[in-house]
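Now for the letters of each chain:
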Amino acid sequence: MTWRTRFLCGTLLTLAACGGSAAGGLSGFGAADTTITCASGLVWTQGTRESTLMNPGYACRSCHLGNNFNGQNPGNAREPQKAYFFMGTAYSTQKEADLCAADAVPSGAVVEILDTNDVVQLTLDINQAGNFYSNSTTAKVPVPFKARVRANGKVNAMAAAQTDGDCNTCHTAGGLNGAPGRITWPQ
Ligand code: HEC
Ligand code: HEC
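Okay, so let's go over this structure. Keep in mind that this is a model prediction, so the values were computed, not measured.

Quick notes on the site of ligand 1
In the vicinity of ligand 1, 19 residues are found, and the nearest of them are Met54, Asn55, Cys60, Cys63 and His64. Elements that contribute at least two residues to the shell around ligand 1 include exactly α2 (60-64), β1 (87-91) and β4 (131-133). If one sorts the elements of the shell around ligand 1 by residue count, α2 sits on top with three residues. Among the residues making up the shell around ligand 1, the classes are represented as six nonpolar, nine polar and four charged.

Observations concerning unusual backbone geometry
Look at the link from Val143 to Pro144: it is a cis peptide, with omega at 5 degrees. The phi torsion at Asn55 lies on the positive side, around 45 degrees, for a residue other than glycine. The topology assignment puts Asn55 in the loop between α1 (3-11) and α2. Phi at Asn152 is positive, roughly 50 degrees, even though this residue is not glycine. By the secondary structure assignment, Asn152 is in the loop between β5 (146-151) and β6 (154-157).

So, the site of ligand 2
Among the 23 residues in the neighbourhood of ligand 2, the closest are listed as Met158, Ala160, Cys167, Cys170 and His171. The separation between an oxygen atom of ligand 2 and a polar side-chain atom of Gln94 is 3.0 Å. In this structure, an oxygen atom belonging to ligand 2 sits 2.8 Å away from a side-chain N or O atom of Asn156. Those elements that provide at least two residues to the shell around ligand 2 are β2 (110-114), β5, β6 and β7 (183-184). Its residues assigned to classes, the shell around ligand 2 comprises 15 nonpolar, seven polar and one charged.

Observations concerning the environment of Ala104
In this structure, Ala104 sits in the loop between β1 and β2. Residue Ala104 is classed as exposed on the basis of its relative accessible area, which comes to 64%. The sequence separation of Ala104 and Gln128 amounts to 24 residues, and the corresponding C-alpha distance is 7.6 Å.

Considering the state of the cysteines
Think of a disulfide as a covalent bridge from one cysteine sulfur atom to another cysteine sulfur atom. Across all of its chains, the model carries one disulfide by this definition. Disulfide pairing places Cys38 opposite Cys100 at an S-S distance of 2.0 Å. Where Cys38 bonds to Cys100 through sulfur, the torsion about that S-S bond is close to 90 degrees, and the disulfide is right-handed. In this pair, Cys38 is assigned in the loop between α1 and α2 and Cys100 in the loop between β1 and β2, connecting sequence segments 62 residues apart. Among the residues examined, Cys100 registers a relative accessible area of 0% and is labelled buried.

Concerning the coordination of the iron atom of ligand 2
Coordination of the iron atom of ligand 2 by the protein involves Met158 (SD) and His171 (NE2), with metal-donor separations of 2.0 to 2.3 Å. Here His171 falls in the buried class, since its relative accessible area comes to 13%.

Some details on the coordination of the iron atom of ligand 1
Note on the iron atom of ligand 1: its protein donors are Met54 (SD) and His64 (NE2). The metal-donor distances range over 2.0 Å. Geometry at the iron atom of ligand 1 is octahedral, judged from its six donor atoms and the angles of 84 to 178 degrees they form at the metal. Residue Met54 is located in the loop between α1 and α2, and its partner His64 is located in helix α2; the two are separated by 10 residues in the primary sequence. The pair formed by Met54 and His64 is uniform in burial state, with each residue classed as buried.

Overview of the nonpolar core
Counting residues in hydrophobic clusters, the biggest one holds 21 residues, and the most contacted among them are Phe86, Val111, Ile113, Ile126 and Phe132. Counting only elements with at least two residues in this core, the list comes to β1, β2 and β5. Considering each element in turn, this core owes the most residues, three residues, to β5. Residues within four places of Phe132 in sequence aside, it is in contact with Phe86, Met87, Gly88, Thr89, Ala90, Val111, Leu124, Asp125, Ile126, Cys167 and Ile183.

About the criteria used
Residues numbered from 1 in each chain as written. Chains lettered and ligands numbered in written order. Predicted model: local features only at pLDDT ≥ 70, side-chain atom pairs only at ≥ 80, totals over all residues. Heavy atoms only, no water. Near = heavy atom within 4 Å. Helix = DSSP H or I, 4+ residues; strand = E, 2+ residues; numbered from the N terminus. Nonpolar A, V, L, I, M, F, W, Y, C, P; charged D, E, K, R; others polar. Polar contact = N/O pair within 3.5 Å; in protein donor to acceptor, adjacent residues only side chain to side chain. Buried < 20%, exposed > 50% of the residue type's maximum accessible area, 1.4 Å probe, protein only. Disulfide = S-S within 2.5 Å. Donors = N, O, S within 2.8 Å, 3.2 Å for Na, K, Ca; no water. Tetrahedral: all angles 85-135°; square planar, octahedral: opposite > 155°, others 65-115°. Core = buried A, V, L, I, M, F, W, Y, C linked by side-chain atoms within 4.5 Å. Contact = heavy atoms within 4.5 Å.

Okay, structure coming up:
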């Protein structure tokens, strides 16, 4: 591999052919995750403009509380009255990019919040962007809670109980805190 190729690989992080060059290449770089996609081909471009379809994939509640999770809120926006306890985005696949709208949300798809005895406590509609949210800034249900997505007559459940309802803080494209990536509905 020439020096020039290595430089380009370090710069253009999306080049799939560049894997494994870290040892001899630019210091300070790791292998890019080249599997990140956006199945709908549509990304939100309107910043914090008031909309229920806003910022799919971002950590909703963090920004509404005025926090800057992963650099997503550089302008210090806040909307604390709408910092609902349960907020997030569901997708057709796990590796969807930040701000990407969900692709073809099945009609009637919902997120169900359950108690630890698996009794459904709250049902949240998933809108056309994939976004869902509750209507209270407090949980109003027992915490820790469990969660699952219901669509196409099936459920896709999270095994573990959680205490944080800001789902996209773990369900990033790459997945944080052990999450497999985005929340997905059952196919
Ligand atoms: C970077 C900050 C930021 C992020 C991220 C963000 N929001 Fe917002 N959101 C705002 C602000 C600011 C407002 C108030 C906008 C206004 O009043 O002009 C708002 C308003 C809203 C509203 C009220 C819209 C209406 O029509 O009444 C909803 C619902 C909402 N956001 C949902 C979400 C969801 C769901 C997510 C995550 C998928 C999210 N937001 C992510 C900043 C953010
Ligand atoms: C603190 C991190 C964290 C938070 C917050 C979180 N999850 Fe998860 N989620 C995980 C982990 C880890 C897994 C994989 C292990 C498991 O299923 O318990 C997972 C798995 C899932 C799955 C099944 C896997 C899949 O492919 O979709 C669903 C559905 C899910 N979560 C929904 C949610 C919803 C809805 C919320 C918010 C109400 C949420 N999660 C909040 C960490 C989190």
